[in-house]
Amino acid sequence: MNRILIHILFIVIVLGCGLLIGINNIPGEWYQSLAKPSFNPPNWIFAPVWSALYVIIGFVGARTFLNHRDTTAMRFWVAQMVFNFAWSPLFFGFQEIAMALIVIAALLISIVGFIVVSRKQDAVSALLFTPYLAWVAFATLLNTSIFLMN
């Protein structure tokens, strides 16, 4: 299969799944009623940030699939996708703040794991995951704060 097509497929699948999960788990009254820290960003920021990150995640997934398919990096990439896609339904859908915190911690660990194991074999992919790491670290702090405040 064409390398460009594989990149497009990964990006479309990751972005599409992310958007679908987001649309089905929109913050509602329950979320609005929660106590939140002063650094909680406005709701409108999440969709564009996650959309951009999903494009990066899909691109990196395609690179890893094409060049390092049977490696620990690919396993970390798959793991972070599972944790990523599980978080919104847990937090917003099931309103399970504590379980969502466990999942986002696992997501953070899997992102760090991906960066660490990819650094030598694909420095570009490791570098591209750093904004994702920063955002998920912030989201973990936010989830932790909401858990402690509620």
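In case you missed it, the structure is sitting above this.
Small disclaimer: the values here were computed from a predicted structure and weren't measured.

## Considering the nonpolar core
Of all hydrophobic cores here, the largest spans 38 residues; its most connected members are Ile57, Trp77, Phe91, Phe129 and Tyr132. For this core, the elements supplying multiple residues, two or more each, are helix 1 (3-24), helix 3 (46-67), helix 4 (72-93), helix 5 (97-121) and helix 7 (130-149). Excluding residues within four positions of it along the chain, Phe91 makes contact with Trp30, Tyr31, Leu34, Glu96, Ile97, Ala100, Asn143 and Ile146.

## Overview of helix 5
Since the α-helix turns once every 3.6 residues, residues separated by three or four places project in the same direction. Between the first and last C-alpha of helix 5 there are 36 Å, a value that for 25 residues agrees with the 36 Å anticipated at 1.5 Å per step. In this structure, the buried residues of helix 5 make contact with helix 2 (29-33), helix 3, helix 4, helix 6 (123-128) and helix 7.

## Remarks on the packing of aromatic side chains
The full count for this structure, using the stated rule, is 16 aromatic pairs. An angle of 65° between the planes, with centres 5.8 Å apart, marks the rings of Phe46 and Trp135 as edge-to-face. With Phe46 in helix 3 and Trp135 in helix 7, the pair connects residues that are 89 residues apart, well separated along the chain. Ring geometry for Trp87 against Phe91: centres 4.7 Å apart, planes inclined by 15°, an arrangement best described as stacked. One end of the pair, Trp87, and the other, Phe91, are both in helix 4, four residues apart, so they sit about a helical turn from each other. Both residues of the pair, Trp87 and Phe91, count as buried. The structure contains a cluster of three or more aromatic residues connected by ring pairs, namely Trp50, Tyr54, Phe85, Phe114, Phe129 and Tyr132. If you follow Lys36 out to its NZ or CZ, it ends over the ring of Tyr31, 4.6 Å from the centre.

Thresholds applied
Residues numbered from 1 in each chain as written. Predicted model: local features only at pLDDT ≥ 70, side-chain atom pairs only at ≥ 80, totals over all residues. Heavy atoms only, no water. Core = buried A, V, L, I, M, F, W, Y, C linked by side-chain atoms within 4.5 Å. Buried < 20%, exposed > 50% of the residue type's maximum accessible area, 1.4 Å probe, protein only. Helix = DSSP H or I, 4+ residues; strand = E, 2+ residues; numbered from the N terminus. Contact = heavy atoms within 4.5 Å. Expected span 1.5 Å × (residues − 1). Phe/Tyr/Trp six-rings, centres within 6.5 Å; stacked < 30°, edge-to-face > 60°. Lys NZ or Arg CZ within 6 Å of the ring centre and 35° of its normal.

Shape is all these values report; function is a separate question.
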